[in-house]
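# Examination of the molecular architecture
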Amino acid sequence: MKRISRREALKIAALAGGTILLPVGLQHRGYAQRVDQTVEPFTLPFRTPPVLNPVRSDSTTDYYQITMRKAQVEILPGRTSEIWGYNGIFPGPIIKQSRGRSSIVRFINNLDVNTSVHLHGMASSPQYDGYTLDFIAPGYYKDYVYSNPAAANLWYHDHGLAQTARNVYMGLAGMYIVQDQEELALPLPKGNYDIPLIIQDRQFASDGSLVFDNRNQTSVMGDVVTVNGVPWPRMEVANRKYRFRVLNASISRSYRLALSTGDDLIVIGTDGGLMSAPVNTQDIRLAMAERYDLIIDFSKYALGTRVELRNLPLPNNVVFNNIDKIMCFDVVRSETDDSLVPSTLRNIQFIPESTAVRTRDFTVQQRADGVWVINGNGWDRNRVDANPQLEEVEIWRFTNTANLSFHPMHLHLIDAHILDRNGQPPFAYERGWKDVFYVGENETVRMIGKFRPFRGQFMYHCHNMVHEDRDMMSQFQVGQGGIDPMSAPARPLPAPRL
Ligand code: C2O
Ligand code: CU
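Residues numbered from 1 in each chain as written. Chains lettered and ligands numbered in written order. Predicted model: local features only at pLDDT ≥ 70, side-chain atom pairs only at ≥ 80, totals over all residues. Heavy atoms only, no water.

## Looking at the overall build of the chain
Keep this limit in mind: A helix here means a DSSP run of H or I that spans at least four residues, while a strand means a run of E at least two residues long, and both kinds are numbered starting from the N terminus. We compute the radius of gyration from the C-alpha atoms alone; for a globule the expected value is 2.2 Å times N to the 0.38, where N is the number of residues. Note on exposure labels: buried denotes an accessible area under 20% of the residue type's maximum, exposed denotes more than 50%, and partly exposed covers the range between, all computed with a 1.4 Å probe on protein chains only. What makes two residues a contact is simply this: any of their non-hydrogen atoms within 4.5 Å. Note on areas: Shrake-Rupley with a 1.4 Å probe; residue coverage comes only from the protein chains shown. Residues counted as positive are Lys and Arg, residues counted as negative are Asp and Glu, and His and the chain ends are not counted. Where a charge lies is defined by one atom per residue type: Lys uses NZ, Arg uses CZ, Asp uses CG and Glu uses CD.
If you tally the helices and strands in the chain, you get 4 helices and 33 strands. Over its C-alpha trace the chain gives a radius of gyration of 21 Å, about what one expects of a compact globule, namely 23 Å for 498 residues. By principal-axis analysis of the C-alpha atoms, the chain measures approximately 60 × 60 × 50 Å. Burial analysis of the chain (498 residues in total) assigns 60% to the buried set. Sequence-distant contacts in the chain: of pairs separated by 6 or more residues, those separated by 24 or more amount to 78%. Roughly 18200 Å² of accessible area belongs to the chain as shown, and the carbon and sulfur atoms make up 49% of that amount. The distance from the centre of the 52 positive side-chain charges to the centre of the 52 negative ones in the chain is 4 Å.

## Quick word on the domain arrangement of the chain
The condition that has to hold: Boundaries between domains were set according to an automatic or database domain assignment. Accessible area that two parts lose when put together, with a 1.4 Å probe and added across both, is what the buried area reports.
Considered domain by domain, the chain is made up of domain 1 (6–27 + 41–184), domain 2 (191–333) and domain 3 (353–478). Using C-alpha coordinates to define each centre, domain 2 is positioned 25 Å away from domain 3. The interface of domain 2 with domain 3 comprises 31 residues on the first partner and 29 residues on the second. Roughly 2400 Å² is buried in total at the junction of domain 2 and domain 3, and carbon and sulfur atoms are behind 53% of that figure. It is Gln217, Arg285 and Asn316 that lose the most area in domain 2 upon contact with domain 3, and together they represent 28% of the buried surface on that side.

## What to know about the coordination of the copper ion (ligand 2)
Under ideal tetrahedral coordination, the four donors around a metal are separated by 109.5 degrees; under ideal octahedral coordination, the six donors are separated by 90 or 180 degrees. Going by this rule: The rule for donors is simple: an N, O or S atom within 2.8 Å of the metal counts, and for Na, K and Ca the reach is 3.2 Å. Water is not among the atoms, so a site may look short of donors.
Note on the copper ion (ligand 2): its protein donors are His407 (ND1), Cys462 (SG) and His467 (ND1). The metal-donor distances range over 2.0 to 2.1 Å. All donors of the copper ion (ligand 2) come from a single chain, and their spacing in sequence reads H-x54-C-x4-H. One end of the pair, His407, is in strand β27 (residues 407–411); the other, His467, is in helix α4 (residues 465–469), and 60 residues separate them in sequence.

## A few points about the nonpolar core
For clarity, the threshold we go by: Put simply, a nonpolar core is a bunch of buried Ala, Val, Leu, Ile, Met, Phe, Trp, Tyr and Cys residues held in one set by side-chain atoms that sit within 4.5 Å of each other.
Core analysis: the biggest nonpolar cluster contains 102 residues, and Phe107, Phe244, Leu257, Phe298 and Phe329 have the highest contact counts within it. Setting aside its immediate chain neighbours within four residues, Phe298 contacts Val237, Ala238, Asn239, Arg240, Tyr242, Phe244, Val307, Phe329 and Val331. In terms of nonpolar packing, the next biggest core, distinct from the first, is built from 25 residues, Ala386, Ile414, Ile418 and Tyr460 among them.

## Some points on the sheet that holds strand β9 (residues 152–158)
For the record, the criterion: Being paired, for any two strands, means DSSP has found at least two bridges between them. All axes are obtained by fitting lines to C-alpha atoms, using only the stretch in contact for helices, and the reported angles, taken between N-to-C directions, cover 0 to 180 degrees.
In spatial order, the strands read β5-β10-β9-β7; together these 4 strands make up an open sheet with mixed pairing. Of all strands in the sheet, those bounded by a partner on one side alone are β5 (95–98) and β7 (117–120). In this sheet, adjacent strand axes meet at a mean angle of 20 degrees when their direction is disregarded. Pairing between β7 and β9: 4 bridges, direction antiparallel.

## Thoughts on the packing of aromatic side chains
Our working rule: Any pair of Phe, Tyr and Trp rings, taking the six-membered ring for Trp, is counted once the centres come within 6.5 Å. Such a pair is stacked with planes under 30 degrees apart, edge-to-face with planes over 60 apart, and tilted for the rest.
Applying the stated criterion across every chain yields a total of 28 aromatic pairs. Where Tyr242 meets Phe244, the ring centres are 6.0 Å apart and the plane angle is 10 degrees; that geometry is what we call stacked. Overall, Tyr242 belongs to the buried group, its relative accessible area being 1%. When its relative accessible area of 0% is taken as the criterion, Phe244 is described as buried.

## Focus on the sheet that holds strand β30 (residues 444–450)
Paired through their backbone hydrogen bonds, the strands of a sheet run either parallel or antiparallel. Spatially, β25-β24-β26-β30-β28 is the arrangement adopted by the 5 strands of the open sheet, whose pairing is mixed. Each having just a single partner strand, β25 (372–374) and β28 (416–421) make up the two edges of the open sheet. Along the sheet, successive strands turn relative to each other by an average axial angle of 20 degrees, direction set aside. Relative to β25, strand β24 (residues 358–366) runs antiparallel, the two being bridged by 3 bridges. Bridging across to β25, Gln366 finds its partner in Trp372.

## Let's talk about the pattern of salt bridges
To be explicit about the condition: A carboxyl oxygen of Asp or Glu within 4 Å of a side-chain nitrogen of Lys or Arg is what we treat as a salt bridge.
Applying the stated criterion across every chain yields a total of 40 salt bridges. Across the pair Arg101 and Asp62 runs a salt bridge whose closest N-O atoms are separated by 2.9 Å. Of this pair, Arg101 sits in the loop between β5 and β6 (102–109) while Asp62 sits in strand β3 (residues 61–73), and the two are 39 residues apart along the sequence. Looking at Arg101, the relative accessible area reads 21%, which means it is partly exposed. Linking Glu236 and Arg234 is a salt bridge whose minimum nitrogen-to-oxygen distance equals 3.1 Å. Assessed through its relative accessible area of 25%, Arg234 is described here as partly exposed. Through salt bridges with shared partners, one network takes in Glu183, Asp194, Arg243, Arg245 and Asp293.

## Section: the environment of Phe427
For Phe427, the position within the fold is in the loop between β28 and β29 (436–439). Sequence-distant contacts of Phe427, that is, excluding residues within four places in its chain, are made with Arg285 and Arg421.

## Section: the confidence of the model for the chain
Just so we agree on the cut-off: Per residue, pLDDT captures the predictor's confidence, and it can take any value from 0 to 100.
For the chain, mean pLDDT is 93; residues scoring 70 or higher make up 92% of the total. Note on residues 1–17: pLDDT under 50 across the span, and 28 contacts to partners over four residues away in sequence or across chains. Low pLDDT (under 50) marks residues 23–33, which in the prediction has 21 contacts with non-local residues, meaning those over four places away or in another chain.

## A look at the side chain of Asp420
Convention followed: Polar contacts here mean pairs of N or O atoms no more than 3.5 Å apart (in protein, one a potential hydrogen donor and the other a potential acceptor; neighbouring residues in sequence count only if both atoms are side-chain atoms).
Relative to the assigned elements, Asp420 resides in strand β28. Residue Asp420 is classed as buried on the basis of its relative accessible area, which comes to 14%. There is a polar contact of 2.8 Å between the side chain of Asp420 and the side chain of Arg446. If near-sequence neighbours (up to four positions away) are discounted, Asp420 is found in contact with Pro426, Thr444, Val445 and Arg446.

## Section: the side chain of Glu443
Following the sequence through the fold, Glu443 ends up in the loop between β29 and β30. Glu443 gets classed as buried once you look at its relative accessible area, which sits at 11%. A polar contact is formed between the side chain of Glu443 and the side chain of Arg421, at a distance of 3.0 Å.

Printed below as a string of structure tokens:
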């Protein structure tokens, strides 16, 4: 099946006020050709993305190189999909780093679109934060410097202005894990029992090509749930505990994770690293860009048991066949388990509410013209909405007075805590360091954070990337001055040796 050219796509996008990458013949048929009947859940083998080796290392720094490029990959069995991938894979390679060492990651753009790389969860200096206008043009590269000050599950993804949803949809997302000695010294499951789960929904045309359609300006949701790039995979496990680092890298879909057995998930970490103590819960609401670190204990199941990771209903998520499923675990072998979930994971110094110097209010809503905005405003590179001083503590209150949508609000630079939601305590499993705050339908969420360690201009936005692109994104400025986010521009290839 022939695909429409970029120029044709842009023309359609201009007419529709959105971007569309649709195979010819599908344009007006909407959801007529879906493959959800043809991929049987739990038939494809589970896998994890490869861990990227540094190009070289010295006493302080590991140097990595990632090329953004198109590739033809098999996501649906027997079909090929063109992706835009970090190193041409979907999702990108995993970077594993130790706290306190530095990473320099060279991103080379061999695509034919502008990109910008944001390492989500890293306190980055402004020029390395993936500012939405700090493009790496096709044929250019940029070296990003990261200091890795805290152990946590991060992820890198595209942040190009107004094209983030499309670029990430096409494949530009990957996990980045920072570990430290304190965490490694805990008796938690390690090595082959410490597993990333990157969840992304996609829609495919019958020929296997990815279908991206944001014309409704509200969401892009697929009917196929992939984990680490595999539709509804089946993982064989031993009857013991596993640690899963779960990331929702979807464009617009949130999930409510639960086990088919009704047994508890044990949450040990949030966006910003380990919790102070594990939290048992039957289900977890997981918005786009949120990360939870979970333990699942398979020791209670007889060999031969199948445990499904389910997705329970949540408002404003488009339902398809099998959207209630994510992956399955087949307990196939018996092993002794030397791991434990300690009752204390680490000591978190929660920020006292009394230390906040002010509260700021942000109403997140859809304007009458259909555009998603914060306090009535869309993106303006010349406007900053808030100017906390360096080291100041503030409370930000996000209010969603409608039931049209949920908004996972994300601030760059800082980790924060949720104080309350509609005046009630947050879910127990949210009581750790967070950089994404699920602002659900008719919810008001207050979070508290300290603005550090860098002065300068940073973005905050809804992580529904369709909203973010149009236009639920803005900026805050920490202190006065700071490094200009555009001050380390990408350079043309060829690049010197890393
Ligand atoms: Cu995960 Cu501003 O992004
Ligand atoms: Cu939103």
